[in-house]
Amino acid sequence: MTDEDVPDGGRGWIVILGCFIFSTATVGWPCVPAWGVTEEYFRTHMFPGTADSVLTALGSLSSVIMTLIGIVAGKLADRYGYKPFLAAGALLWIASMLASAFCTTIWQFFITMGLMQGIADALIFPVIVALPAQWFKRYQGFATGIVVAGSSIGGAIASLIYREMLSAVGLRKSLAIFTAIDVVSLAAAYLMIEERPSPGNDERRKADIVWFDAECFRDPVFWSVAGCFFFVVFGYLGPVFLIPTFTAEKVPNLRELLAALPLVVLNLSAALGRTLVGFAADLFGPVNSLLVAITLSGLTQLVVWMFVSTYGGIMVFAALYGFFCGCFVSLVSAVVVRIYGADRLAGLSGLLLLFNTPGYAAGAPLAGAILGATGNNWRVVAGYGGAVQIVGALCLVYARLKREPRVFAAY
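Overview of the structure. Not measured: the values here are computed from a predicted model.

Rules used throughout
- Residues numbered from 1 in each chain as written.
- Predicted model: local features only at pLDDT ≥ 70, side-chain atom pairs only at ≥ 80, totals over all residues.
- Heavy atoms only, no water.
- Helix = DSSP H or I, 4+ residues; strand = E, 2+ residues; numbered from the N terminus.
- Buried < 20%, exposed > 50% of the residue type's maximum accessible area, 1.4 Å probe, protein only.
- Contact = heavy atoms within 4.5 Å.
- Areas by Shrake-Rupley, 256 points an atom, 1.4 Å probe, with all protein chains shown as cover.
- Expected span 1.5 Å × (residues − 1).
- Patch = residues over 30% accessible without salt bridge, like charges linked within 9 Å, V, L, I, M, F, W, Y side chains within 5 Å.
- Salt bridge = Lys/Arg side-chain N within 4 Å of Asp/Glu carboxyl O.
- Phe/Tyr/Trp six-rings, centres within 6.5 Å; stacked < 30°, edge-to-face > 60°.
- Axes fitted to C-alpha atoms, helices over the stretch in contact; angles between N-to-C directions.
- Parallel < 35°, antiparallel > 145°, perpendicular 65-115°, else oblique.
- Left-handed = near helix turned anticlockwise from the far one by under 90°.
- Nonpolar A, V, L, I, M, F, W, Y, C, P; charged D, E, K, R; others polar.
- Core = buried A, V, L, I, M, F, W, Y, C linked by side-chain atoms within 4.5 Å.

Attention shifts here to the overall build of the protein chain. Each helix and strand counted, the protein chain has 17 helices and zero strands in total. In terms of overall dimensions, the protein chain has a C-alpha envelope of 60 × 45 × 35 Å along the principal axes. For the protein chain, with 411 residues in total, the buried portion stands at 56%. When contacts within the protein chain are restricted to residue pairs at least 6 apart in sequence, long-range pairs at least 24 apart make up 84% of them. Carbon and sulfur atoms form 69% of the exposed surface of the protein chain, whose accessible area is close to 16,400 Å².

Owing to its 3.6 residues per turn, the α-helix brings residues three or four apart onto one side. Given a rise of 1.5 Å per residue, 29 residues ought to cover 42 Å, and the 42 Å separating the end C-alpha atoms of helix 11 (residues 256-284) matches this to within 8%. Two residues or fewer past helix 11, Gly285 is found with a positive phi of approximately 100°.

Attention shifts here to a nonpolar patch on the surface. Among the surface-exposed residues, Ile157, Leu160, Ile161 and Leu257 lie close enough to one another that they form a single nonpolar patch of about 350 Å² accessible area. When residues of the nonpolar patch are assigned to their parent elements, the largest contribution, three residues, is made by helix 7 (residues 140-192). Looking at the element boundaries, Ile161 is found in helix 7. You can call Ile161 partly exposed: its relative accessible area is 42%.

The next subject is helix 1 (residues 11-27). With 17 residues, helix 1 extends 24 Å between its outermost C-alpha atoms, agreeing within 8% with the 24 Å of an ideal straight helix rising 1.5 Å per residue. All of the buried residues in helix 1 are Gly12, Val15, Ile16, Gly18, Cys19, Ile21, Phe22, Ser23, Ala25, Thr26 and Val27. Tucked inside the fold, the buried residues of helix 1 contact helix 4 (83-100), helix 5 (106-130), helix 6 (132-135) and helix 7.

Attention shifts here to the packing of aromatic side chains. Two descriptors summarise a pair of aromatic rings, namely the distance from one centre to the other and the angle between the planes of the rings. Considering all chains together, one arrives at 22 aromatic pairs under this definition. With a centroid separation of 5.0 Å and an interplanar angle of 75°, the aromatic rings of Phe246 and Trp378 are classed as edge-to-face. Here Phe246, found in helix 10 (residues 220-250), pairs with Trp378, found in helix 17 (residues 378-403); they are 132 residues apart in sequence, far enough to count as distant. On the accessibility criterion, Phe246 (1% relative accessible area) is buried. Measuring from ring centre to ring centre gives 6.0 Å for Trp305 and Trp378, while their planes differ by 55°; the resulting arrangement is tilted.

With that settled, the discussion passes to the packing of helix 11 against helix 12 (residues 286-304). Between helix 11 and helix 12, the shortest axis-to-axis distance is 7 Å and the interhelical angle comes to 130°. Comparing their axes, helix 12 and helix 11 come out oblique. As helix 11 runs across helix 12, the sense of the crossing is right-handed. Side by side, helix 11 and helix 12 meet where Val277, Ala280, Ala281 and Phe284 of the first sit next to Pro286, Asn288, Ser289 and Ala293 of the second. Residues of the contact of helix 11 with helix 12, tallied by class, amount to six nonpolar, two polar and no charged.

One way to put it is that helix 10 packs onto helix 12 with a least axis distance of 11 Å and a crossing angle of 35°. Here helix 10 and helix 12 pass one another in a crossing that is left-handed. Residues Cys228, Phe229, Val232, Gly235 and Pro239 of helix 10 form the contact with helix 12, whose participating residues are Leu290, Ile294 and Gln301. Partitioning the contact of helix 10 with helix 12 into residue classes produces six nonpolar, two polar and no charged.

Tallying each qualifying case throughout the model produces three salt bridges. In this structure, Arg11 engages Glu194 in a salt bridge whose closest nitrogen and oxygen atoms are separated by 3.4 Å. Of this pair, Arg11 sits in helix 1 while Glu194 sits in the loop between helix 7 and helix 8 (201-206), and the two are 183 residues apart along the sequence. By relative accessible area, which is 31% here, Arg11 ends up partly exposed. Accessibility expressed as a relative area gives 37% for Glu194, which makes it partly exposed.

Quick look at unusual backbone geometry now. Peptide bonds are, in most cases, trans, and in most cases residues other than glycine have a negative phi. Phi is positive for Asn253, which is not a glycine, with a value near 65°. Along the polypeptide, Asn253 turns up in the loop between helix 10 and helix 11. Look at Asn253 and you get exposed, because its relative accessible area is 80%. Unlike most non-glycine residues, Asn376 shows phi in positive territory, near 60°. Inspection of the secondary structure puts Asn376 in the loop between helix 16 (357-373) and helix 17.

This paragraph deals with the nonpolar core. Phe22, Phe42, Ile128, Tyr236, Leu290 and Phe328 are the most contacted members of the largest nonpolar core, which totals 116 residues. When residues in this core are grouped by element, the largest group, 15 residues, is from helix 10. Here Phe328 is in contact with Phe229, Val232, Val233, Tyr236, Leu290, Asn356 and Tyr360, once residues within four sequence places are set aside.

This is the structure we're talking about:
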């Protein structure tokens, strides 16, 4: 499949719609807004005596498992094809949702919402961010951005509906209804998706899987990009998890809907940012776009969050930070293709996402620990988060200049 063979449209947009639905229904569900509703319900109705650290661990477990297993799933998908992994991930996801509806103890939810959903996401996510590269060349970044934006849209919309459903019919019926919706939507999405293997793909699939790519690990450019993804997540999750607490402290006695609105705005803004950054990547290059997005995300914490104290200011911060903070997720596959080509896209995308794991596991708890240790000094939290993201951007500078020394070139 040469660049001239890539459709850059047509049937490819149907594939993107299928990937978007997968992202919305699966990766979007355990993200912060939807999980925040579940955590609140657990705390007040099912497990009132459970420590907050336990509930936070439950909420982050699926993301940690996804990044840990994603590299394995990605390499196997490169070898055996993408659709079998989508099918397996969809079936496991539906099973996890249905099983969650009948859970009664916290450890059971660790199995269904943590372990099972984490494995399902690991089977699905590396595939849906790799598929756009098979169908798009000129608009690859934009197409990938649409797919990743599904996770933000899914989380934001699900949280609003889910909150009302829990109040009306309870957890079991709510999860059963979402399970039925997932069955229909994931089946339709699966039928929309089609692979376009590149020339020589059959020969590559017959070759042995390279689990440890020594050549890649000897490349300083790889470590530059990996360092970027390692640091950026540590700074990324603090505001996302803590903005409800920040809002409640700065503007007390808000109605429930107004208190939840900054987080919803953040995620809807993230959906817009994750889509448009893909368009920017097509124009200016994915590495350039990643560098700018991470830098602006860090500066938004340092310059805006550090000094806001009113509800209006919080909403402005939520919109600005949301727009930039999650852009790096949209650009993983585009950066891999630009630096290393598309032959090992799913495997290398999974490998780079592996470097997000420490941040997903410890980023939000560390921000919370800093907040507690400093007596609720939010400026220290904002300074930490912004500074760590700037460090991530600085790590990427080496890869950018090593591969393309011209400062203003599209790369």
